[in-house]
Amino acid sequence: MSYSHNTMGSGSRTARRTFEFGRTHVVRPKGKHQATIVWLHGLGDNGSTWSQLLESLPLPNIKWICPTAPTRPVALLGGFPYTACKNKKLVLSSGFDVGELSADGPDDWEGLDASAAHIANLLSTEPSDVKVGIGGFSMGAAMALYSATAFSLGRYGNGNPYNINLRAIVGLSGWLPGSRCLRNKTEVSHEAARRAASLPVMIGHGTCDDVVPYKYGEISAHSLSVAGFRNLTFKNYEGIGHYTTPKEMNEVCNWLTARLGLEGSR
């Protein structure tokens, strides 16, 4: 599946980038279908790997949608095109570029909007009585948190409307793109503040993460909190690196069960 995104440059020139997404893996609910969550992998991974892990979780009422991100250059890795990289520590992804992982680093707004729109499209056909959410690991977590901000503002970074009614966000070992300016954007709109306050968000991060340092998890949680995301849970995992653990996934299960009001999930 491809997603084309146009941006207007100087004069009448139009720049066009097309993102070719890979295979989407779907885990069907084993019980009553109460929620659908798009789960996003990190660089060096794909939708299949996470679909296998998610299928093993004691959450029978959730349908999981696990897309595979496009192959594209990642500036943080010297511009080399990656969706899978076996010999790098980065297990980061999601169709946008990361030039520099720092508070002052640039954000690839075009790639972020393209990926967020693709994710929203995956959720757009779910039944109206099913609660929908987004989760992810590393760069997938960054994409989930960016989608949370698009939901609260009611629009993508390019100004197009964001129409998905998100009910839960999970970000593991990631960071929040655009954290520096989020508060200013939500403070000028009562509706944005209301949406932010209504959306449950869980952030988890290992204190020994040497790929996406722990401080970025802290900064992300703080930025969301001061921007009005009041239903925020931040979990730190002592001594854990850039990976998930059974304890963390168990807490994700408990959190989703409580926030989404799932029946018979434990």
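Structure: see above.
A brief structural summary. (Residues numbered from 1 in each chain as written. Predicted model: local features only at pLDDT ≥ 70, side-chain atom pairs only at ≥ 80, totals over all residues. Heavy atoms only, no water.)

Here the focus is the overall build of the protein. From N to C terminus, the protein includes 7 helices and 11 strands. Per element, the accessible surface of the protein, about 11,700 Å² overall, is 48% carbon and sulfur. (Helix = DSSP H or I, 4+ residues; strand = E, 2+ residues; numbered from the N terminus. Areas by Shrake-Rupley, 256 points an atom, 1.4 Å probe, with all protein chains shown as cover.)

A full pass over the atoms with the stated rule returns 4 salt bridges. K63 is the partner of E126 in a salt bridge, and the nearest nitrogen-oxygen pair spans 3.0 Å. Since its relative accessible area comes to 11%, K63 is described here as buried. Linking R194 and E191 is a salt bridge whose minimum nitrogen-to-oxygen distance equals 2.5 Å. Here R194 pairs with E191, and both are found in helix 5 (residues 190-198), just 3 residues apart, close to one helical turn. Salt bridges sharing partners connect three or more residues here, namely E191, R194 and R195. (Salt bridge = Lys/Arg side-chain N within 4 Å of Asp/Glu carboxyl O. Buried < 20%, exposed > 50% of the residue type's maximum accessible area, 1.4 Å probe, protein only.)

What follows concerns the packing of helix 3 (residues 139-153) against helix 5. Contact pair helix 3 / helix 5: the axes reach a minimum separation of 7 Å and the direction vectors enclose 135°. On the basis of their axis angle, the class for helix 3 and helix 5 is oblique. Of the residues in helix 5, those in contact with F151, S152 and L153 of helix 3 are E191, A192, R195, A196 and S198. The residue makeup of the contact of helix 3 with helix 5, split by class, is 4 nonpolar, 2 polar and 2 charged. (Axes fitted to C-alpha atoms, helices over the stretch in contact; angles between N-to-C directions. Parallel < 35°, antiparallel > 145°, perpendicular 65-115°, else oblique. Contact = heavy atoms within 4.5 Å. Nonpolar A, V, L, I, M, F, W, Y, C, P; charged D, E, K, R; others polar.)

Positionally, H242 belongs in the loop between strand 11 (232-237) and helix 7 (246-260). Accessibility expressed as a relative area gives 10% for H242, which makes it buried. In terms of polar contacts, H242 uses its side chain to reach the side chain of S138, at 3.0 Å. Within the structure, the side chain of H242 is placed 2.7 Å from the side chain of D209, a separation counted as a polar contact. (Polar contact = N/O pair within 3.5 Å; in protein donor to acceptor, adjacent residues only side chain to side chain.)

Glancing now at the packing of helix 2 (residues 109-123) against helix 3. Across the interface, helix 2 lies against helix 3 with an axial gap of 10 Å and an inter-helix angle of 80°. Here helix 3 runs roughly perpendicular to helix 2, going by the angle between their axes. Residues W109, L112, D113, S115, A116 and I119 of helix 2 lie in contact with helix 3, whose contacting residues are M143, Y146 and S147. For the contact of helix 2 with helix 3, the class distribution of residues is 6 nonpolar, 2 polar and 1 charged.

With mixed pairing, the 7 strands of this open sheet are ordered in space as 3-5-4-8-9-10-11. Each of the sheet's edge strands pairs with one partner strand only, and the pair in question is strand 3 (25-27) and strand 11. Taking the axes of each pair of neighbouring strands and ignoring which way they run, one obtains an average angle of 15° across the sheet. As judged from the 3 bridges shared by strand 3 and strand 5 (residues 62-66), these two strands associate in the antiparallel manner. Of the residues in strand 5, the one forming a bridge with H25 is C66. Relative to the sheet, helix 3 contacts strand 4 (35-40), strand 8 (131-137), strand 9 (166-172) and strand 10 (201-206), its axis offset from that of strand 8 by approximately 145°. Relative to strand 9, helix 7 is tilted by about 170°, and along the sheet it contacts strand 4, strand 5, strand 8, strand 9, strand 10 and strand 11. (Pairing = 2+ DSSP bridges.)

Turning next to the environment of L232. Relative to the assigned elements, L232 resides in strand 11. A C-alpha to C-alpha distance of 4.8 Å links L232 and V201, two positions 31 residues apart in sequence. Those residues in contact with L232 that sit more than four places away from it in its chain are V201, I203, A221, L224 and S225.

Here we take up unusual backbone geometry. Positive phi, normally seen in glycine, also occurs at S138, with a value near 60°. Within the fold, S138 resides in the loop between strand 8 and helix 3. A positive phi angle, close to 55°, is found at S173, a residue other than glycine. Residue position: S173 is located in the loop between strand 9 and helix 4 (182-187).

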